[in-house]
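# Chains, contacts and geometry: an overview
Spelled out from the first residue to the last, the chains are:
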Amino acid sequence: MNRPLTALFAALEALLVVGVGIGIPLAPLTLMWAFQYGLQVDYVVFWRGAVDVWLLGHGTDMAFVLDPLVAASIGFAAAGETIVLTIAPLGFALITVLLAVRAGRRIGETEHRHVGHIVAILAFAVLSLGVTLTALHPAATPSIAQGTVLPTLVFALGIAVGSEVSRRRDRPAATGVTLSRIVAWIDERQRRLRPAATLALTGGAAASGIILAVSALAVAALIAVSYGQIIAIYEGVQSGVLGGAALTVAQLALLPNLVIWAASWFIGPGFAIGTGSTVSPLGTVLGPVPAVPLLGALPTGETAYGFVGLLVPVLAGFLAAIVLRPRLVRAGLTSYGWLIGTGLAMGVAGGALLGALAWVSAGAAGPGRLADVGASWLLVGGFAALEIGVPAAIALLVGSLRAGEMAARRPRWSHWPEDSDSVRRDVGDPDPGERGTAESDAADADAAERDAADADAADPSESGSPRPHSAEPDASTEEIAIVKPRPSPHPPGIR
């Protein structure tokens, strides 16, 4: 494709990503508009609701002003005051990233990939600005700047990942000043720091991935065990079939948040569902919580053996270091300083990643005490850095000490000198302990042969007669002499 077609294709990819993201909440809302409200309500209301949810899922702050009747029905005294929602249902951001990765890979297959990537990001920014402007209303007002920038940044992240995947698969010839050339320039000057930093980032990401995987399994298990409580909350809400479908979509968007909060539980600080509440391995203290069915899966009271969950980040850091240690050895980073530093750097990288996830998953979910929902990013990051970094450093040191002990054990025949011949001189020896005797006998035989040669040269009776020329030993003769267990005891010249 030429440049205009590539640009058009990239713009359509951006439009598809925006359409799918908004269409997921819009579909159940449209069904509610058609069947539950009988087409009597303005459809723009449902469009704005879908856009608000989509923007909120990408981190855009949303300012609400409750109607006095609605505030009275829910028991909220401060009617007419502005309520700012900052919590992000990260499921929508995850969908945008996955679709953007797909778009980045498809655009990367074209001839003008850079043009396509730039056009896709710009088109997505324009679309984000447009849908944000359509959702403005005095009752619910999204931030225009955040509604334009934050979804675009999420989309650009996915485009970058997809583009890199496509580039690594195709491996085109590098021209000009590219990222690989910059990395090579750094590598020439820091040949040991770069692999250490790469392995630290890889180890931190791997340990964080293990913790999140265990957290996802724990959330799934809690939902399965607390299925009855969740159904009871669904029945208490009395939202009907279509309302229940819309509520289910909203809860699916909150699943990534729940997984991150479960990870903060395993790390130790836990999380809060409202000011003054806490859910941690030491116990659960909850006040009034929103009528969200998934929250019925939260543990209550003290959790027996909850402290065992703290082993998850410890084992994650240990396993990540064990797996990556051979790469450190191949890079020549075997000193204690490099091993300890790389292990601690793994903890810093993992703590930074988990702290960032805790930050984006927390926020204000409503008025009053619901202004504090989620985990503390500072505590999660700090605890994770210690619980990943220290076990990782210990694992690398233990592996180094074990390797040093194995290297210190000399092999059984290590006292023999190396021989450059194709056949070892010790072949045929009955016992390595007798090698010294064999060598001394061979030395005596060589000395006797030299003495006999000197005597023959000095004998005047044989000076006039020609002496037979002694043939040089061939390869087979020399090999046989090497493999003989002992030299012959007879003096040379006597057959």
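Cut-offs used in this document
- Residues numbered from 1 in each chain as written.
- Predicted model: local features only at pLDDT ≥ 70, side-chain atom pairs only at ≥ 80, totals over all residues.
- Heavy atoms only, no water.
- Helix = DSSP H or I, 4+ residues; strand = E, 2+ residues; numbered from the N terminus.
- Contact = heavy atoms within 4.5 Å.
- Expected span 1.5 Å × (residues − 1).
- Bend = angle between axes of the 7 residues up to and from the residue.
- Polar contact = N/O pair within 3.5 Å; in protein donor to acceptor, adjacent residues only side chain to side chain.
- Axes fitted to C-alpha atoms, helices over the stretch in contact; angles between N-to-C directions.
- Parallel < 35°, antiparallel > 145°, perpendicular 65-115°, else oblique.
- Nonpolar A, V, L, I, M, F, W, Y, C, P; charged D, E, K, R; others polar.
- Left-handed = near helix turned anticlockwise from the far one by under 90°.
- Buried < 20%, exposed > 50% of the residue type's maximum accessible area, 1.4 Å probe, protein only.
- Phe/Tyr/Trp six-rings, centres within 6.5 Å; stacked < 30°, edge-to-face > 60°.
- Pairing = 2+ DSSP bridges.

### A word on the environment of Glu387
- Turning to its location among the elements, Glu387 is positioned in helix H13 (residues 377-408).
- Ignoring sequence-local partners within four residues, the contact set of Glu387 consists of Ile267, Leu310, Pro313 and Val314.

### Examining helix H1 (residues 3-36)
- Taking 1.5 Å per residue, 34 residues should reach 50 Å; H1 reaches 48 Å between its end C-alpha atoms and fits that length.
- Its maximal kink placed at Gly23, H1 deviates by approximately 40 degrees, while the proline Pro25 follows within four residues.
- Its side-chain oxygen placed 3.0 Å from the backbone nitrogen of Leu5, Asn2 serves as the N-cap of H1.
- Where H1 ends, the next residue or the one after it, Gly38, has phi of about 60 degrees, a positive value.

### Points about the environment of Pro256
- If you trace the backbone, Pro256 turns up in helix H10 (residues 240-267).
- Along the chain, Pro256 and Pro89 lie 167 residues apart, while their C-alpha atoms are 7.6 Å from each other.
- Not counting residues within four places of it along the chain, the set of residues in contact with Pro256 comprises Leu90, Gly91 and Leu94.

### Some thoughts on the packing of helix H4 (residues 90-108) against H10
- The interhelical angle for the contact between H4 and H10, taken along N-to-C directions, is 105 degrees, at an axis separation of 5 Å. When the axis of H4 is compared with that of H10, the two are roughly perpendicular. When H4 is examined against H10, the residues Leu90, Gly91, Phe92 and Leu94 are found in contact with a partner set consisting of Ala253, Pro256, Asn257 and Ile260.
- Taken together, the residues that form the contact of H4 with H10 break down as six nonpolar, two polar and no charged.

### Brief notes about the packing of helix H2 (residues 43-57) against helix H5 (residues 113-134)
- The contact between H2 and H5 brings their axes to 9 Å, and the two run at 130 degrees. In terms of their interaxial angle, H2 and H5 are classed as oblique. Once H2 is placed against H5, the crossing between them reads as left-handed. Residue-level inspection shows Trp47, Arg48, Val51, Trp54 and Leu55 of H2 in contact with H5, the latter providing Phe124, Ser128, Val131, Thr132 and Thr134.
- Tallied by class, residues from the contact of H2 with H5 come to six nonpolar, three polar and one charged.

### Side note on unusual backbone geometry
- One non-glycine residue, Leu39, lies in positive phi territory at about 60 degrees.
- The residue Leu39 is located in the loop between H1 and H2 in this model.
- The class for Leu39 is partly exposed, based on a relative accessible area of 49%.

### What to know about the packing of aromatic side chains
- This structure, assessed with the given rule, holds six aromatic pairs.
- Consider the rings of Trp261 and Phe271, whose centres lie 5.6 Å apart with planes at 20 degrees: the pair is stacked. Pair noted here: Trp261 is in helix H10 and Phe271 is in the loop between H10 and strand S4 (272-273), with a separation of 10 residues, a long-range link. Pair check on accessibility: Trp261 and Phe271 agree, each one buried.
- Between Trp265 and Phe266, the aromatic rings sit 5.3 Å apart at their centres with planes inclined by 90 degrees, giving edge-to-face as the arrangement.
- Classification of Trp265 as buried rests on a relative accessible area of 15%.
- A network of ring pairs unites the aromatic residues Trp54, Phe124 and Phe155 as a single cluster.

### Description of the side chain of His117
- Looking at the secondary structure, you find His117 in helix H5.
- Contact partners of His117, with chain neighbours within four places excluded, come to Gly104, Ile107, Gly108, Ile159 and Ser163.

### Structural notes on the sheet that holds strand S3 (residues 140-142)
- Across the sheet, three strands lie side by side as S2-S1-S3; this open sheet has antiparallel pairing. Each edge of the open sheet is held by one strand with a lone partner, namely strand S2 (82-85) and S3. Strand-to-strand twist across the sheet, computed as the mean angle between neighbouring axes with direction ignored, equals 20 degrees.
- In terms of strand pairing, strand S1 (residues 62-65) meets S2 through four bridges, oriented antiparallel. Its bridge partner being in S2, Ala63 is matched across the sheet by Val84.

### A short note on the pairing of S1
- As paired elements, S1 and S3 share three bridges and run antiparallel to each other. Bridge pairing links Met62 to Pro142 in S3.

These figures come from the coordinates and say nothing about function on their own.
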